[in-house]
Amino acid sequence: MYTTLISASELAQHLNESNWVILDCRHDLLNHKAGSDAFAAGHIQNAQFADIDTALSGPKTAFGPQFTGRHPLPDRAKLLATLRAWGISDNTQVIAYDAQGGMFAARLWWLLRWLGHPAVAVLDGGLAAWQAENLPLVTPVAPPRASGNITEKPSLTRSVTVQEVVANLESQAVTVLDARAPDRFRGENETIDPVGGHIPGAKNRFFKDNLQADGRFKSTQALKHDFKALIASPESAIMQCGSGVTACHNLLALAVAGLPGAALYPGSWSEWCADPARPVAKGS
């Protein structure tokens, strides 16, 4: 069972396994058709497309104090139905990949664990690693799979609400790590974050800092060293980002480091900044 990462060469050996499901999670925050267009242009054999905006997120509410973020968690029952339609059962090994360093594939990894499914892993290095091994991409879409029968089991993850993050402002008992790029954390990228800045007291852990120069994850030892310099323990840490997607990359990196147990703040910055009553910090 693969539960965190899988290499391109390992995945290549299992492309035709009947109990393996491969999902393409490519996406672009500024062009929501980019992922499906890229999938149509070429994908790993037998992969199916998993749309971040529709399949892996719930509907958005109106922007304002009740806004729950740009990518709210999907309804559990609807997510189970989507997973079954992809052919996923309780004994299925799921593999997620993207072309963005795992920032979107990690969302699928977290969601499956949210439903209690441990057999899910991210392709280490994504499509770049796949192509570096001279492994092919195909354009034909795989025929529909027989429906799976995945069931919900005790969750393997933790999440927190905006109220819990607000309550932590004064005590700072829990460390909030923000996975956005440094310019977004500082409040300098209005293209993606019209309201810029970060949650007071948060620290910045850009998701790309989890990766080596070739796009694969750093070693267990290196990741453990990095995170121990930022948090006292995973149990006392909350991972957030712009909308609860890229934060999952830090959660995956913590798992690779052997430091599970941190929580996800699903609404993240997009939910936080929608209510002007919540404080905003800017700068480093």
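Refer to the structure presented above.
Criteria and cut-off values
- Residues numbered from 1 in each chain as written.
- Predicted model: local features only at pLDDT ≥ 70, side-chain atom pairs only at ≥ 80, totals over all residues.
- Heavy atoms only, no water.
- Buried < 20%, exposed > 50% of the residue type's maximum accessible area, 1.4 Å probe, protein only.
- Helix = DSSP H or I, 4+ residues; strand = E, 2+ residues; numbered from the N terminus.
- Pairing = 2+ DSSP bridges.
- Right-handed = clockwise from strand over helix to strand, strands pointing away.
- 1 Å grid on protein atoms, 1.4 Å probe; cavity = no way out; pocket = protein on both sides within 12 Å on 5 of 7 lines; lining within 4 Å.
- Points joined across faces, edges and corners; volume = space filled by probe spheres on them.
- Phe/Tyr/Trp six-rings, centres within 6.5 Å; stacked < 30°, edge-to-face > 60°.
- Lys NZ or Arg CZ within 6 Å of the ring centre and 35° of its normal.
- Polar contact = N/O pair within 3.5 Å; in protein donor to acceptor, adjacent residues only side chain to side chain.
- Salt bridge = Lys/Arg side-chain N within 4 Å of Asp/Glu carboxyl O.
- Nonpolar A, V, L, I, M, F, W, Y, C, P; charged D, E, K, R; others polar.

### So, the pairing of strand β9 (residues 237–240)
Judged by which residues are buried, β9 turns out to be covered on both faces: Ala237 and Met239 on one side and Ile238 and Gln240 on the other are all buried. Relative to β9, strand β7 (residues 175–178) is paired through four bridges, and the arrangement is parallel. The residue bridging Leu177 from the neighbouring strand is Met239, located in β9. Of the strand pairs in this sheet, β9 and strand β10 (residues 263–264) are connected by two bridges, and their pairing is parallel. If you follow Ile238 over to β10, its bridge partner there is Ala263. For the crossover that starts at β9, traverses helix α9 (residues 247–256) and ends in the parallel β10, the hand is right-handed.

### Regarding the environment of Gly261
Mapping Gly261 onto the fold places it in the loop between α9 and β10. Taking relative accessible area as the criterion, Gly261 reaches 32% and is therefore assigned partly exposed. Once the C-alpha coordinates of Gly261 and Leu156 are considered, the two residues, 105 residues apart in sequence, prove to be 8.8 Å apart.

### Things to note about empty space enclosed by the protein
On inspection of all chains with the given rule, the structure shows one cavity of 30 Å³ or more. Approximately 80 Å³ is the volume attributed to the largest cavity. Surrounding the largest cavity, 14 residues form its lining, Leu29, Arg184, Ser243, Val245 and Thr246 being those nearest its centre.

### Some thoughts on the packing of aromatic side chains
In the structure shown here, the tally under the stated rule is five aromatic pairs. Taking 5.8 Å as the distance between ring centres and 40 degrees as the angle between the ring planes, the aromatic pair formed by Phe39 and Phe49 counts as tilted. Pair noted here: Phe39 is in helix α2 (residues 34–41) and Phe49 is in strand β3 (residues 47–49), with a separation of 10 residues, a long-range link. Judged by its relative accessible area of 8%, Phe39 falls in the buried class. Both rings, one in Phe63 and one in Phe67, keep their centres 5.2 Å apart while their planes meet at 55 degrees; by these two values the pair is tilted. For Phe63, a relative accessible area of 56% corresponds to the exposed category. Geometry around Trp114 places Arg76 over its ring, the cationic atom sitting 4.1 Å from the centre. One cation-aromatic arrangement involves Arg205 over Phe227; the distance from NZ or CZ to the ring centre is 4.8 Å.

### What to know about the side chain of His198
As for its placement among the helices and strands, His198 is situated in the loop between α7 (182–186) and β8 (203–204). Of the polar contacts made by the side chain of His198, one reaches the backbone oxygen of Phe185; its length is 2.8 Å.

### Description of the pattern of salt bridges
For the structure shown, the criterion picks out 12 salt bridges. Taking the shortest distance from any N to any O, the salt bridge between Asp178 and Arg180 comes out at 2.8 Å. Arg180 carries the same exposure label as Asp178, and that label is buried. In this structure, Arg180 engages Asp193 in a salt bridge whose closest nitrogen and oxygen atoms are separated by 3.1 Å. Placement of Arg180 in the loop between β7 and α7 and of Asp193 in the loop between α7 and β8 is noted, with a sequence separation of 13 residues between them.

### A short note on the sheet that holds strand β6 (residues 158–159)
Two pairing modes exist for strands in a sheet, parallel and antiparallel, and in both the strands are linked by backbone hydrogen bonds. The five strands lie next to each other as β6-β10-β9-β7-β8, forming an open sheet whose pairing is parallel. Among the strands making up the open sheet, the edge pair consists of β6 and β8.

### Structural notes on the sheet that holds strand β1 (residues 5–6)
Here we have five strands laid out as an open sheet, ordered β1-β5-β4-β2-β3, and parallel in their pairing. In the strand order of this sheet, the two ends are held by β1 and β3, each with one partner. Here five bridges tie strand β2 (residues 20–24) to strand β4 (residues 93–97), and the two strands are oriented parallel to one another. Residue pairing in the sheet places Asp24 in a bridge with Tyr97 of β4.

### Re the layout of surface pockets
Of the volumes computed, that of the largest pocket is approximately 240 Å³. Every residue lining the largest pocket is counted, 17 residues in all, and those nearest its centre are Leu29, Met103, Arg184, Ile192 and Phe207. A class-by-class count of the residues in the lining of the largest pocket yields eight nonpolar, four polar and five charged.

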